[in-house]
Amino acid sequence: TPNFLSQYSQMELMEVLSKAFKEFYKYNTFTQKYISDSKLNLNIPDNYISVHIRRGDKIVTGEMEDIDLNLYVDAIRDAIHIGRNIFIATDDTSVVTYMLNKLRGDNVKIFYNNNNKLRGFDEKTYNSKNTFSKKDEVLNMLFDMDMMIHSQFFIGTFSSNVGCVVAMYLGLDKCHSVDISWKIV
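Keep in mind that what you see is a predicted model, and the values were worked out from it rather than measured.

Caption draft 1: A look at the overall build of the protein. Scanning the protein for helices and strands turns up 9 helices and 5 strands. Traced from its N-terminal end to its C-terminal end, the protein shows the element sequence α-α-α-β-α-α-β-α-β-α-α-β-α-β. Out of the 185 residues in the protein, the part that is buried amounts to 46%. Look at the contacts in the protein between residues 6 or more apart in sequence, and 67% of them connect residues 24 or more apart. Summed over all atoms, the accessible surface of the protein reaches about 10600 Å², with 52% contributed by carbon and sulfur.

Set out below in structure tokens:
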């Protein structure tokens, strides 16, 4: 219950969640091979910043604020001292083109999951897809997640489940949210 959790600090709760998450977050053999092969094909250096940009149905339905992409650009520029290789995870590939154009003069190299062809996630559309297409989307999402949890620094939103999971894995000191501050309860 919230009263029970309130006796712990956010950092204490974060430590417990992080440890538990790292223990249970394991891939089966097929998924691990897909992720490993995808990483090899991406050819990204080990030192990179990950950026998660959510678009799609969460914004259309008002569940999430439509965050100005320039906030991500500014956050990347603020974090360039960490690394100039940027991995962008998104459910709308048009974001990659936008970021490439905005960061053109910043001497960064942009990487993204080129197997992702989405132009914004929509749950209704996803649910109508065949099993093979759904599996493909899930594998691509897991690949993006793996890239984010193994990055040197993360930029995203703590209002999204993805941002919360990455923060639990990396720790808050290696994360920047462009929307809300971290809170568990």
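Caption draft 2: Region of interest: the packing of helix H2 (residues 10–24) against helix H9 (residues 161–170). Interhelical geometry of H2 versus H9 gives an angle of 95 degrees and a closest axis separation of 8 Å. Compared by their axis directions, H2 and H9 come out roughly perpendicular. Along its contact with H2, which presents Met14, Leu17, Ser18, Phe21 and Lys22, the element H9 presents Val165, Ala167, Met168 and Tyr169.

Caption draft 3: Looking closely at H9. For H9, the buried fraction is high: 9 of the 10 residues fall into the buried class. Looking only at H9, the buried set comprises Val162, Gly163, Cys164, Val165, Val166, Ala167, Met168, Tyr169 and Leu170. A positive backbone phi angle near 100 degrees is found at Gly171, which sits one or two residues after H9.

About the thresholds
Residues numbered from 1 in each chain as written. Predicted model: local features only at pLDDT ≥ 70, side-chain atom pairs only at ≥ 80, totals over all residues. Heavy atoms only, no water. Helix = DSSP H or I, 4+ residues; strand = E, 2+ residues; numbered from the N terminus. Buried < 20%, exposed > 50% of the residue type's maximum accessible area, 1.4 Å probe, protein only. Contact = heavy atoms within 4.5 Å. Areas by Shrake-Rupley, 256 points an atom, 1.4 Å probe, with all protein chains shown as cover. Axes fitted to C-alpha atoms, helices over the stretch in contact; angles between N-to-C directions. Parallel < 35°, antiparallel > 145°, perpendicular 65-115°, else oblique.

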